[in-house]
Amino acid sequence: MSDVLKKEDYVEPRCLLNMNQGGERIDIRRVINTLDAYLAKNDYAAGERHLRYWIMEADNACDMHGKLSVLNEQIGLYRKMGMKAECFEAIDGAITLADQLDMDGTITYGTTMVNAATGYKSFNMAEEAMPLYRKAQEIYESALDANDDKMGGLYNNMALALTELGEYDEAESYYRKALEIMSKQEFGALEEAITYLNMADLVVAQYGEEQGEEKIGEYLARAEELLNDERPPRNGYYAFVCEKCAPVFGYYGYFLTEMDLNKRAREIYERD
């Protein structure tokens, strides 16, 4: 089947968690925008250095909410870079800090759970991921609109973990929920494409390639159609999705599509 994201001591003597009320905070929007610029150039190493710098700046400013945001970004980046130890360190730090800040029940806490779970899942730890996804689901379903794109991302990731655990029927139900939500987003075509490719893998896991050949072909065709959708901007994220999807098409023998997607990604990175 194709392969398609130390505990820190936050309570320092000079920087208690209840400090920085009305004080200076790090500009998290600036942090994320600069990170996105690095990723658009496929410069993951610079992005990693950038986030480590802002962790220190958040500590210096005693801005623990800002630090939580940066830790969440670190989880995703280390997952993409395949840096397991660093990813797990960021997960541990983010969950610990979110608990210390008493954020349980907030959307931010739910997002931290999703990021942590996806980090575990990316390193084949679906059993550890599922309780965190379930916690995020509880929060999201009570706090968000049913068609919020965060819901679609959560359902897709839950389905991936459930597939790994052999819970195929439940996985398919969550994939279909994800597709319904993403189809309603302005730029949801890319996430839909990823979900269809994941569903092809689900068919293989459940029935095998030979028995599931027709359904697999149907899902791959739909994914390719969505990747050709003109609405999503041709930016660094589009390039990342193309890179992520290309080897899946190659695995199933769609070599021309694989080459085309890699070419699109390369052209975007060179342009930016």
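Summary of the structure given here. Keep in mind it's a predicted model, so treat the numbers as computed, not measured.

Tallying secondary structure elements over the chain gives 12 helices and zero strands in all. For the chain, the sequential pattern of α-helices and β-strands runs α-α-α-α-α-α-α-α-α-α-α-α. Since a compact globule built from 272 residues should have a radius of gyration of about 19 Å, the 19 Å found for the chain is in line with a globular shape. Counting only C-alpha atoms, the chain reaches 65 × 40 × 35 Å along its principal axes. A burial count over the chain gives 48% of its 272 residues as buried.

Another point: the environment of Asn 72. Here Asn 72 is to be found in helix α3 (residues 64-81). A sequence separation of 20 residues divides Asn 72 from Arg 52, and the C-alpha atoms of the two residues are 12 Å apart. Those residues in contact with Asn 72 that lie beyond four places of it in its chain are Thr 111, Thr 112 and Asn 115.

Take the packing of aromatic side chains next. Tallied over the entire structure, the rule returns eight aromatic pairs. Ring centres 5.2 Å apart and planes at 55° place the aromatic pair Phe 88 and Tyr 120 in the tilted group. Highlighted residues: Phe 88 in helix α4 (residues 84-100) and Tyr 120 in helix α5 (residues 107-122), separated in sequence by 32 residues. On the accessibility criterion, Tyr 120 (18% relative accessible area) is buried. Between the aromatic rings of Phe 88 and Phe 123, the centroid separation amounts to 5.7 Å while the plane-to-plane angle is 85°, which identifies the pairing as edge-to-face.

Before going further, it helps to spend a moment on the packing of helix α8 (residues 168-182) against helix α9 (residues 189-207). Two quantities define a packed helix pair, namely the angle between the axes and the distance from one axis to the other. At a closest axis distance of 10 Å, the pairing of α8 and α9 adopts a crossing angle of 165°. Here α9 runs roughly antiparallel to α8, going by the angle between their axes. As α8 runs across α9, the sense of the crossing is left-handed. Listed contacts from α9 to Tyr 168, Asp 169, Ala 171, Glu 172, Tyr 175, Arg 176, Ala 178, Leu 179 and Met 182 of α8 are Glu 191, Glu 192, Thr 195, Tyr 196, Asn 198, Met 199, Leu 202, Ala 205 and Gln 206. Tallied by class, the residues present in the contact of α8 with α9 amount to 10 nonpolar, three polar and five charged.

For Cys 62, which is not glycine, the phi dihedral falls at a positive 55°. The topology assignment puts Cys 62 in the loop between α2 (44-60) and α3. Cys 62 sits in the buried class, given a relative accessible area of 8%. For Asn 124, which is not glycine, the phi torsion reads 60° and is therefore positive. Tracing the chain through its elements places Asn 124 in the loop between α5 and α6 (126-143). Overall, the relative accessible area of 60% leaves Asn 124 in the exposed class.

With that settled, the discussion passes to the nonpolar core. Among the nonpolar cores identified, the biggest contains 87 residues, and Tyr 133, Leu 227, Cys 245 and Phe 249 are the most heavily contacted of them. Ranked by the residues each element gives to this core, the list is headed by α9, at 11 residues. Setting aside chain neighbours within four positions, we find Leu 227 in contact with Leu 190, Ala 193, Arg 234, Tyr 238, Val 241, Cys 245, Phe 249, Leu 261 and Arg 264.

The rules we used
Residues numbered from 1 in each chain as written. Predicted model: local features only at pLDDT ≥ 70, side-chain atom pairs only at ≥ 80, totals over all residues. Heavy atoms only, no water. Helix = DSSP H or I, 4+ residues; strand = E, 2+ residues; numbered from the N terminus. Rg over C-alpha atoms; globule rule 2.2 N^0.38 Å. Buried < 20%, exposed > 50% of the residue type's maximum accessible area, 1.4 Å probe, protein only. Contact = heavy atoms within 4.5 Å. Phe/Tyr/Trp six-rings, centres within 6.5 Å; stacked < 30°, edge-to-face > 60°. Axes fitted to C-alpha atoms, helices over the stretch in contact; angles between N-to-C directions. Parallel < 35°, antiparallel > 145°, perpendicular 65-115°, else oblique. Left-handed = near helix turned anticlockwise from the far one by under 90°. Nonpolar A, V, L, I, M, F, W, Y, C, P; charged D, E, K, R; others polar. Core = buried A, V, L, I, M, F, W, Y, C linked by side-chain atoms within 4.5 Å.

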